[in-house]
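Notes for the structure review
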Amino acid sequence: MQVCEHFSKSERGHVRRSTVGRGRQPRVTPNIFIDYLWKIAPPPIFSHDHCPPVASQNSSSVLSQLKCQLCSNLLTQPLELPCSALVCTKCIVEWVAATGAENCPCCLDDGPLLSSRIRPASNLILLLLADILVHCVSCSRDVKADAYEAHKCTPSLTPNEEREAVVLLKKAISTSTEKGIIHLATGGTPMTFIQVTKARNPTTAVSSRTVKMRCSEMQTMRSIVSGGEPSALIQNEVLVLNDEERRALLQKAGISSTIAIGAAEVLAIKAGLVIPWNKLRLLRRTRRLTWHEGFIPASEVWIKIGGDKGGGTFKMNFQIVNIATPNSVHNTCVFCCFAAGDSVTNLHAALDRFKDQVEHLNGMKWRQYTIKIFICGDFEFLSKMYGLSGASGSEMMATPLSVRGHAAQRTLETMRADHQRYVSAGSIKRDAQKFYNCISPPIFDIPVSQVCPPGLHITLGIFTKMFNLLEAVCCNLDLELALHATDVDSSSFSKYSLELQNLPLLQAELEEAQQAQEKFRQMVTYVVLVGGAERNPRAVNLLKQAADKKKHVKALKLPHRSEEVAEKMAQFITAFSLFGKCHNICDQNFIEEAHVHALDSAVHEFMAFFRGTFADATTPIKMHLLEDHATQWANATHVGFGLLGEQGAESIHAKFNRLGLAFAPIKDKVKQLQCIVKEHLLSIEPQIVAAIPPPTKRIKLTQT
């Protein structure tokens, strides 16, 4: 009403005066008005005179918006009036012909109805009209409005025709050679009719004889529908079910739980997890499977699963440990990859689909071998996988393997109990430490005893900690040298001049001292990477050179600091050497019993020296893992971090980055990532790897 009043006030009386030349529309004759309306009208969906009845399935609220304001029927070629009312084109044409468009037909305002104010209905109205279901009286079917005119109307049978059809079908079934089955020729593909007894009661409430009869009918139907392969059809029917429905079906059927995995889940593992059967068979055929001289039990095949984020993508992979180089890129099979952060939400969204497959795979039989799953990764990844919070905290109360300050070993049962207590207490994150940081259930229910400590990140974390302490000491020394070089007594001009003359000499000596310190840093890095100093002549020479450089510190006239600097240098050399012993033992593939005791002694010696020497320094979580879990893991498995560590997951990033450059022209990021993963999986296929010839050594040419 408000819109029409506005138009009536703005247009009323203006028509009587000359509006030509003022930008306003003059009054037009009804015939011209009607021609204009038919010109702007949308194309018809169906004829207004033969508009079918609307089906009852449509929403009443939508129908109320799609009815003509003049005839109250479904809109046909809808137009929108100035007052936003929707009318059929035929209805507004009849109104204009009868009244001469003196006013709006919906609000009956006194103002004239201008053609320039009328427009076709919006695309949204046209789409809603096309999706409306209408009822066909002839065939008693409900079809969409836009398909009504084109649909093939097949009228239903009359009662007499239906009775005749029943008589003919009964006669054909009684004379058929196949019990309850008849085949009719149609001029093309023959039609097959199967007699099925209508069930009056559910299967759970009938006798065993009736159940057998129904199973026989279903077996006959499956045989016809599947083309003679009912077993293949049953497998696909089971595959359609989700994991929970499949487990419930097996449980109701009374099938024993000793069946490790069903046929559908095996197919899901082959397709989704890219695992084992074909790969293990090819590895065995090419004689690449090994049990590492008895360190892996002869009846077991080990597979480690890990994940890491790098190069913008998170990659979940598995590696078969029973080969000579288990951490090789050619043995790292990526089965899940996404270009997003490795948050707990993203991990659940990506890995929950593999939960049942991975858990069923652990302990499954392959030929005469038992498959054993290990979990590896950095500390943050392991914490997220097992539902623990605070992986980035400086003072961790919990680790995936045990609880700091708690003698009991973690298990899946204790973690579930702690999480249940956390949920019962209100799931308040600031109170997570009271429940040993168990804020969510584990993603994979793999026993905690099969979680390898993050050896690579333990080494990097401890080395970074000590190197930062070393840099802090060197920085303090640099400050002392700078303060001494600029400490000038300006009260005496002669002393000031003498200091100015000696300043270039002091600066030269300062540069030599800084170079000595840089060589000292390089020496420490070399000692850590190649092992203890007592086994490396190169390291011994570097230590002697560093000791000779102490005279540069004395030349700067700081006798009260030289002894302290020499003592700090000796402390760091000892600390890095002790840690080098721990690293050399932990980084092995396998650890013998004697080396386990040596590792325990080396770890205790290093930690005692660190706490006694650097009393003010904090103990990071990586040192806690080394102290509490390295020896325990080596004693339980006799396997080092070099075999079951996270090195393989880290090394795959470089390969994906190289493949990313090759597929960079693909603009769609999802397709690009799919191409990268497919190329990677193709390159690690055992048959392809076995066919690649080994690299030939270059022949060095000697000059005569």
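Criteria and cut-off values
Residues numbered from 1 in each chain as written. Predicted model: local features only at pLDDT ≥ 70, side-chain atom pairs only at ≥ 80, totals over all residues. Heavy atoms only, no water. Pairing = 2+ DSSP bridges. Helix = DSSP H or I, 4+ residues; strand = E, 2+ residues; numbered from the N terminus. Contact = heavy atoms within 4.5 Å. Axes fitted to C-alpha atoms, helices over the stretch in contact; angles between N-to-C directions. Disulfide = S-S within 2.5 Å. Patch = residues over 30% accessible without salt bridge, like charges linked within 9 Å, V, L, I, M, F, W, Y side chains within 5 Å. Areas by Shrake-Rupley, 256 points an atom, 1.4 Å probe, with all protein chains shown as cover. Salt bridge = Lys/Arg side-chain N within 4 Å of Asp/Glu carboxyl O. Buried < 20%, exposed > 50% of the residue type's maximum accessible area, 1.4 Å probe, protein only. pLDDT = per-residue confidence, 0-100. Core = buried A, V, L, I, M, F, W, Y, C linked by side-chain atoms within 4.5 Å. Phe/Tyr/Trp six-rings, centres within 6.5 Å; stacked < 30°, edge-to-face > 60°.

1. Considerations on the sheet that holds strand S10 (residues 332–338)
- Overall, mixed pairing links the five strands, which are arranged S10-S9-S8-S12-S11 in an open sheet. Looking at which strands have only one partner, the edges of the open sheet turn out to be S10 and strand S11 (365–366).
- Pairing of strand S9 (residues 313–320) with S10, which is carried by six bridges, proceeds in the antiparallel orientation. Residue pairing in the sheet places lysine 315 in a bridge with cysteine 337 of S10.
- Its contacts with the sheet place helix H24 (residues 647–662) against strand S8 (300–310), S9 and S10, and it is angled at close to 125 degrees to S9.
- Across the sheet, helix H25 (residues 669–683) lies against S9 and S10, angled at about 170 degrees from S10, the strand it touches most.

2. With respect to the state of the cysteines
- For the structure shown, the criterion picks out zero disulfides.
- Free cysteine: cysteine 582, not disulfide-bonded; nearest cysteine sulfur from cysteine 586 at 6.5 Å.

3. Here we look at a nonpolar patch on the surface
- Taken together, the side chains of Leu169, Leu184, Met191 and Phe193 define a hydrophobic patch exposed on the protein surface, amounting to about 310 Å² of accessible area.
- Turning to its location among the elements, phenylalanine 193 is positioned in strand S7 (residues 191–194).

4. What about the side chain of glutamate 80?
- Looking at the secondary structure, you find glutamate 80 in strand S1 (residues 78–80).
- Not counting the four nearest positions on each side in its chain, glutamate 80 is found in contact with Ala85, Leu86, Arg117, Ile118, Arg119, Pro120 and Ala121.

5. Some details on H24
- Within H24, burial applies to Gln647, Gly648, Ala649, Ile652, His653, Lys655, Phe656, Leu659 and Gly660.
- Buried-residue contacts for H24 involve S8, S9, S10, helix H23 (641–644) and H25.

6. Let's talk about the confidence of the model for the chain
- Chain-level pLDDT for the chain is 75 on average; 72% of the residues reach the 70-or-more range.
- Looking across the chain, the model is least confident in helix H10 (residues 263–273), with a mean pLDDT of 37, and most confident in helix H21 (residues 593–613), with 91.
- Below pLDDT 50 for its whole length, residues 488–493 participates in four contacts with residues either more than four positions away or in separate chains.

7. Things to note about the sheet that holds strand S3 (residues 119–120)
- Taken in spatial order, the three strands make up an open sheet running S2-S1-S3, and their pairing is antiparallel. Two strands bound the open sheet, and with one partner strand each, they are strand S2 (86–88) and S3.
- Of the strands in this sheet, S1 and S2 touch helix H4 (residues 89–99), which is tilted by about 85 degrees from S2.

8. Here we look at the nonpolar core
- The biggest cluster of nonpolar side chains holds 42 residues, and the ones touching the most others in it are Trp302, Ile462, Met466, Phe606, Leu626, Phe641 and Leu644.
- Among the elements of the structure, helix H16 (455–486), helix H20 (559–586), H21, helix H22 (621–637) and H23 are those that each provide at least two residues to this core.
- Tallying contributions element by element places H20 first for this core, with eight residues.
- Those residues in contact with tryptophan 302 that lie beyond four places of it in its chain are Phe295, Ile296, Pro297, Gln319, Ile320, Val321, Asn322, Lys372, Phe374, Val639 and Leu644.
- Membership of the second largest hydrophobic core comes to 38 residues, among which are Phe318, Leu382, Met385 and Ile446.

9. As for the packing of aromatic side chains
- Evaluation of the coordinates by the stated rule reveals 15 aromatic pairs.
- Between phenylalanine 335 and phenylalanine 354, the ring centres sit 5.2 Å apart and the planes meet at 80 degrees, which makes this aromatic pair edge-to-face. With phenylalanine 335 in strand S10 and phenylalanine 354 in the loop between helix H12 (344–351) and helix H13 (355–361), the pair connects residues that are 19 residues apart, well separated along the chain. Phenylalanine 354 carries the same exposure label as phenylalanine 335, and that label is buried.
- In textbook terms, an aromatic cluster arises when at least three aromatic residues are bridged by ring pairs, as seen for Phe572, Phe579, Phe606, Phe610 and Phe614.

10. Looking at unusual backbone geometry
- A positive phi is found at serine 72, a non-glycine position, where the angle reads about 65 degrees.
- Tracing the backbone through its elements, the reader meets serine 72 in the loop between helix H3 (60–65) and S1.
- The residue serine 84 is not glycine, and still its phi comes out positive at about 70 degrees.
- In this fold, serine 84 is placed in the loop between S1 and S2.

11. Thoughts on the pairing of S8
- Among the 11 residues that make up S8, 10 are buried, leaving the element largely enclosed by the rest of the structure.
- Pairing geometry for S8 and strand S12 (residues 369–376), over seven bridges, is parallel. In the strand pairing of S12, glutamate 300 is matched with threonine 370.
- In this sheet, S9 lies alongside S8 in antiparallel orientation, the contact comprising eight bridges. Within S9, the position partnered with lysine 304 by the bridge is glutamine 319.
- The turn linking S8 back onto S9 is made up of two residues, and glycine 311 within it adopts a positive phi angle of 65 degrees.

12. A closer look at the pattern of salt bridges
- A full pass over the atoms with the stated rule returns 11 salt bridges.
- Here arginine 222 makes a salt bridge to glutamate 237, at a shortest N to O gap of 3.2 Å. Linking arginine 222 in helix H7 (residues 208–225) with glutamate 237 in helix H8 (residues 230–240), this pair joins segments that are 15 residues apart in sequence.
- Judged by its relative accessible area of 35%, glutamate 237 is partly exposed.
- Across the pair glutamate 627 and arginine 611 runs a salt bridge, and its minimum N-O distance is 2.8 Å. On the criterion of sequence distance, the pair formed by glutamate 627 in helix H22 and arginine 611 in helix H21 is long-range, its members being 16 residues apart.

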